[in-house]
Amino acid sequence: MPDRIILKKYANRRLYDNTRSAYVTLEQVAEMIKAGHFVTAVDAKTGEDVTDFVLTQIVLEEAKNKNALLPAALLHMIIRYGDNILGEFFEKYLEQTLKNYLAYKSRVDDQFRQWLDFGTDLSSLAQKSLTGMVPFSRDFKKGSSAKDEEEK
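What you see as residue numbers is a count from 1 along each chain, following the sequence as written. Note on the predicted model: pLDDT of at least 70 is required for a residue's local features to be given, and 80 or more for side-chain atom pairs to be given and counted; whole-chain, interface and lining totals, by contrast, use all residues. By convention in this description, side-chain values take in all heavy atoms of the structure and omit both hydrogens and water.

Peer 1: Which residues make up the overall build of the chain, and what values go with them?
Peer 2: A tally of helices and strands in the chain yields four helices and four strands. In this description a helix means any DSSP run of H or I spanning at least four residues, a strand means any run of E spanning at least two, and both kinds are numbered starting from the N terminus. Helices and strands appear in the chain in the N-to-C order β-β-β-α-β-α-α-α. Buried means the residue's accessible area, taken with a 1.4 Å probe over protein chains only, is under 20% of the maximum for its type, while exposed means over 50%, and partly exposed covers the values in between. Here the chain holds 152 residues, and 13% of them are scored as buried. The long-range fraction of contacts in the chain, counting pairs at least 24 apart against all pairs at least 6 apart in sequence, stands at 41%. Throughout, a contact is declared for two residues whenever any of their heavy atoms are within 4.5 Å.

Peer 1: Any details on the nonpolar core? Residues and values, ideally.
Peer 2: Remark: nonpolar core denotes a set of buried residues (Ala, Val, Leu, Ile, Met, Phe, Trp, Tyr, Cys) joined through side-chain atoms within 4.5 Å. One finds Ile5, Leu7, Leu15, Val24, Val29, Ala30, Met32, Val39, Ala41, Val50, Val54 and Ile58 forming the largest nonpolar core, which totals 12 residues. Contributing elements (two or more residues each) for this core: β1 (4–9), α1 (26–34), β4 (38–43) and α2 (51–66). Sort the elements by how many residues they give to this core and α1 lands first, with three residues.

Peer 1: Could you give an account of the sheet that holds strand β2 (residues 15–17), with specific residues and numbers?
Peer 2: Strands were regarded as paired on the criterion that DSSP finds at least two bridges between them. Judged by pairing direction, the sheet is mixed, and its four strands sit side by side in the order β3-β2-β1-β4 without closing on themselves. With partners counted over all chains shown, the strands left at the sheet margins are β3 (22–24) and β4, one partner each. Along the sheet, successive strands turn relative to each other by an average axial angle of 40°, direction set aside. Taken together, the six bridges between β1 and β4 define a ladder with parallel strand orientation. The residue bridging Lys9 from the neighbouring strand is Asp43, located in β4. Of the strands in this sheet, β1, β2, β3 and β4 touch α1, which is tilted by about 90° from β3. Helix axes are fitted to C-alpha atoms over the stretch in contact, other axes to C-alpha atoms as well, and angles between N-to-C directions run from 0 to 180 degrees. Relative to the sheet, α2 contacts β1, β2 and β4, its axis offset from that of β4 by approximately 115°.

Peer 1: Account for the side chain of Lys9, with residues named and values stated.
Peer 2: Looking at the element boundaries, Lys9 is found in strand β1. None of His or the chain ends enter the tally, which takes Lys and Arg as positive and Asp and Glu as negative. Salt-bridge detection follows one rule: a side-chain nitrogen of Lys or Arg within 4 Å of a carboxyl oxygen of Asp or Glu. For the buried Lys9, no salt bridge exists, and the shortest N-O distance to an oppositely charged side chain is 5.8 Å, to Asp43. Beyond its immediate chain neighbours, meaning those up to four positions away, Lys9 contacts Arg14, Leu15, Val42, Asp43, Ala44, Val50, Phe53, Val54 and Gln57.

Peer 1: Account for the pattern of salt bridges, with residues named and values stated.
Peer 2: Scanning the entire structure with this criterion turns up six salt bridges. In this structure, Arg20 engages Asp17 in a salt bridge whose closest nitrogen and oxygen atoms are separated by 3.6 Å. A residue is classified by how much of its surface remains accessible, and Arg20, at 37% relative accessible area, is partly exposed. A salt bridge links Arg113 to Asp110, with the nearest nitrogen and oxygen atoms 2.8 Å apart. With Arg113 and Asp110 both in helix α3 (residues 72–130) and three residues apart, this pair spans about one turn of that helix.

Peer 1: Got a sec to walk through α2? Specific residues and values, please.
Peer 2: Any helix carries an expected span of 1.5 Å times its number of residues minus one. With 16 residues, α2 ought to run about 22 Å at 1.5 Å a step, and its terminal C-alpha atoms sit 23 Å apart, in line with that. What α2 keeps buried is the set Thr51, Val54, Gln57, Ile58 and Ala63. Buried residues along α2 sit against β1, β2, α1 and β4.

Peer 1: Would you mind going over the side chain of Gln57 in detail, with residue names and values included?
Peer 2: Among the structural elements, Gln57 can be located in helix α2. Setting aside its immediate chain neighbours within four residues, Gln57 contacts Lys9, Arg13 and Leu26.

Peer 1: How would you summarise α1 if you had to cite specific residues and measurements?
Peer 2: Turning to α1, its buried residues are Val29, Ala30 and Met32. Taken down its axis, α1 places every buried residue within 155° of arc, on the same side. Of the residues in α1, the exposed ones pointing more than 90 degrees away from the buried face are Glu27 and Lys34. Where α1 ends, the next residue or the one after it, Gly36, has phi of about 105°, a positive value. Along the arc lie the directions from the helix axis toward the C-beta atoms.

The following block contains the structure:
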């Protein structure tokens, strides 16, 4: 599949994937996006870009299934202030904040994974270095006694 998938949105709310030559559901579009593809949706009749509308539908459907998306107080503010204040915030800051969060999370996960790998390596090195360092090991060998050792 190409990185960008073009969908046609028909008046009956159906979405047509040009690359697959098949109709797709919102759930399938969400899976495409999760797989790393970018989706563009255009109105089949007018050619108008309706990508934002389709993506908003996906988010709302997922929120409906989970019974929550955003806190009620934030939703009230979005409705109350609309495009005036929050539009600018969402456009300029929210996307960058989410990108920064995901980058930070990835770095922390990588660092934690490295610490775990280091701990695993350290414990195996410790086991190797302690082998043969046990005092009186010859006295406590399995199947032999100190007298046996003295006789040898």
